[in-house]
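Listed below, chain by chain, are the residues.
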Amino acid sequence: MRRLFFKRIFALSDLAIINLINGLFCTNYPPDGRITYENREATKRDLTHRFADVFLTIHPPANHDKNRFFSDYKDVQSHHYHLEAQMYYDKTIVIRVFEYGLWNALETRDNDYTLHFPEPVIIYLDEQDHIPPESTLNIHFPGLPPVTYKVKNYAYLDHDVVELNRRKMVVLIPFQVLRLRNLLYTNGFPENFSLTEFEQLKDIVQSDILGSIEANLMVGNITSDDASQLIELASHLYEQIVLLFQEKGGTDTMKPLLPGALELPNDKYRMRIDELEAENLKLTGRNSELSNRNSDLSREVSLLKARIKELEKTTAVK
């Protein structure tokens, strides 16, 4: 289920995902860049299938100077990324990430002599203690110096909403709902569980989610379609929390996290703007018709005036 929710965010606009990559890797790709996604499936020798989460490549805009786009980075491969999501810290996942990266490098190679690995990151969605900034894998080749393969770790819930918004990583904001899940586990449900405390945290999470989406939409970090999808994703995540709550013996009377979630606070203003723009378009068309009619009448008046002058000249001669 975690993988499905995480992969949902990559159905969002290229703008939103480029902002995510910039936030995760401290890069500065232009917002009008283009993203392509690579195959995530690999077939092992025993014919079993393994799936990575996301491989993506950022390309320069169509009208952009490609050399300038890549000038701040070491090579083209710095634009190729591998993102994995985990709930819990796993020391051995670095081996799987290396394995996925190797499969991808083999599949995307442009010659038989060079393999380019994507730059990886593991996003830990649940609250965890003692997650190191990076995971390493030491690789030894006979007769060569050891190679250290490094994977960046990003502990999501260790970063507050202010930082997420500052780094334009709003596509991860629905996972704030997981704070409610942690409350169920850390308080020893149902013995030490407080529904009041749960509702209070839910109000904070709701405010953080709606406020962040609204603010990022207003400044152009995401599209209106992105905003609706993020709210829908947050609602689905909360539904899973409610199911967990009920499975643990809780009541089924919990209110939705985001009632009327698909309508953002500024939707009514955008709808009014759309109405006014449509009305203006009609008026523009009507004004154009009136302008054309006015031009026809002006030409007709000019012809009549010219005819009158001719008649006056003829009368004067007689």
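Residues numbered from 1 in each chain as written. Predicted model: local features only at pLDDT ≥ 70, side-chain atom pairs only at ≥ 80, totals over all residues. Heavy atoms only, no water.

J.: For this particular structure, what's the right way to read the overall build of the chain?
T.: Within the chain one finds nine helices and eight strands. Burial statistics for the chain: of 318 residues in total, 41% are counted as buried. At a minimum sequence separation of 6, the contacts of the chain that also span at least 24 residues come to 64%. Here the chain has roughly 18900 Å² of accessible surface; of this, 54% comes from carbon and sulfur atoms. (Helix = DSSP H or I, 4+ residues; strand = E, 2+ residues; numbered from the N terminus. Buried < 20%, exposed > 50% of the residue type's maximum accessible area, 1.4 Å probe, protein only. Contact = heavy atoms within 4.5 Å. Areas by Shrake-Rupley, 256 points an atom, 1.4 Å probe, with all protein chains shown as cover.)

J.: I'm lost on empty space enclosed by the protein in this one. Help?
T.: If a probe as big as a water molecule is rolled over the atoms, it shows which places are left empty. Under the definition given, this model contains one cavity of 30 Å³ or more. Empty space within the largest cavity amounts to approximately 40 Å³. The biggest single contributor to the lining of the largest cavity is helix α8 (residues 224–247), with three residues. Residues that form the lining of the largest cavity fall into these classes: four nonpolar, one polar and one charged. (1 Å grid on protein atoms, 1.4 Å probe; cavity = no way out; pocket = protein on both sides within 12 Å on 5 of 7 lines; lining within 4 Å. Points joined across faces, edges and corners; volume = space filled by probe spheres on them. Nonpolar A, V, L, I, M, F, W, Y, C, P; charged D, E, K, R; others polar.)

J.: Is there a simple way to think about unusual backbone geometry in this case?
T.: Negative phi values dominate among residues other than glycine, just as trans dominates among peptide bonds. Its identity is not glycine, yet Cys26 carries a phi of approximately 55 degrees, on the positive side. Topologically, Cys26 is positioned in the loop between α2 (14–25) and β1 (34–37). The phi angle at Lys168 is positive, at roughly 60 degrees, despite the residue not being glycine.

J.: Looking at this model, I keep getting lost on the pairing of strand β4 (residues 54–59). Mind explaining?
T.: The side chains of a regular strand alternate, first on one face of the sheet and then on the other. Where burial is concerned, most of β4 is hidden: five out of the six residues are buried. Sheet topology places β1 next to β4; four bridges connect them, and they run antiparallel. Bridge pairing in β4 links Ile35 to Ile58. Bridge count for β4 against strand β5 (residues 80–86) is four bridges, and the pairing is antiparallel. Bridge pairing in β5 places Val54 opposite Leu83. (Pairing = 2+ DSSP bridges.)

J.: For this particular structure, what's the right way to read the nonpolar core?
T.: Soluble globular proteins: nonpolar side chains tend toward being buried together. Residues Ile9, Leu56, Leu83 and Phe175 are the most contacted members of the largest nonpolar core, which totals 54 residues. Among the elements that make up this core, the one with the highest residue count is α8 (nine residues). Setting aside residues up to four positions removed in sequence, Phe175 forms contacts with Phe5, Phe6, Ile9, Leu125, Tyr156, Leu157 and Leu237. One finds Val97, Tyr124, Ile131 and Ala155 within the second-largest nonpolar core, a separate group that totals 11 residues. (Core = buried A, V, L, I, M, F, W, Y, C linked by side-chain atoms within 4.5 Å.)

J.: In this structure, what is going on with the packing of aromatic side chains? I would like to understand it.
T.: How two aromatic rings sit relative to each other is given by the distance of their centres and the angle of their planes. As enumerated under the stated definition, the model contains 10 aromatic pairs in all. Taking 5.5 Å as the distance between ring centres and 20 degrees as the angle between the ring planes, the aromatic pair formed by Phe98 and Phe117 counts as stacked. Note that Phe98 is positioned in helix α4 (residues 93–108) and Phe117 in the loop between α4 and β6 (119–124), a separation of 19 residues in sequence. Given a relative accessible area of 22%, Phe98 falls into the partly exposed group. For Phe117, a relative accessible area of 27% gives the class partly exposed. (Phe/Tyr/Trp six-rings, centres within 6.5 Å; stacked < 30°, edge-to-face > 60°.)

J.: Can you walk me through the sheet that holds strand β7 (residues 134–139) in this structure?
T.: In a beta sheet, neighbouring strands pair by backbone hydrogen bonds and run either parallel or antiparallel. Spatial strand order, β1-β4-β5-β6-β8-β7: six strands in an open sheet with mixed pairing. Only two strands of the sheet have a single neighbouring strand rather than two, namely β1 and β7. For this sheet, the mean inter-axis angle between neighbouring strands, taken without regard to orientation, is 25 degrees. Those strands touched by α2 are β1, β4, β5, β6 and β8 (147–155), and its axis lies near 85 degrees from that of β1. Sheet strands touched by α4: β4, β5, β6, β7 and β8. Its angle to β5, the strand with the most contacts, is close to 145 degrees. (Axes fitted to C-alpha atoms, helices over the stretch in contact; angles between N-to-C directions.)

J.: Is there a simple way to explain the environment of Ile17 in this structure?
T.: Among the structural elements, Ile17 can be located in helix α2. When the C-alpha positions of Ile17 and Ile222 are compared, they lie 9.1 Å apart, and in sequence the two are 205 residues distant. Each residue touching Ile17, except ones within four places of it in the same chain, is listed here: Ile9, Phe10, Leu12, Ile35, Tyr37 and Leu56.

J.: So what exactly am I meant to see when it comes to the pairing of β7 here?
T.: Judged by which residues are buried, β7 turns out to be one-sided: Ser135, Leu137 and Ile139 face inward and are buried, whereas Glu134, Thr136 and Asn138, on the alternate face, are not. Summarising the sheet, β7 and β8 pair through six bridges and their orientation is antiparallel. Note that in β8 the partner of Ser135 across the bridge is Val151.

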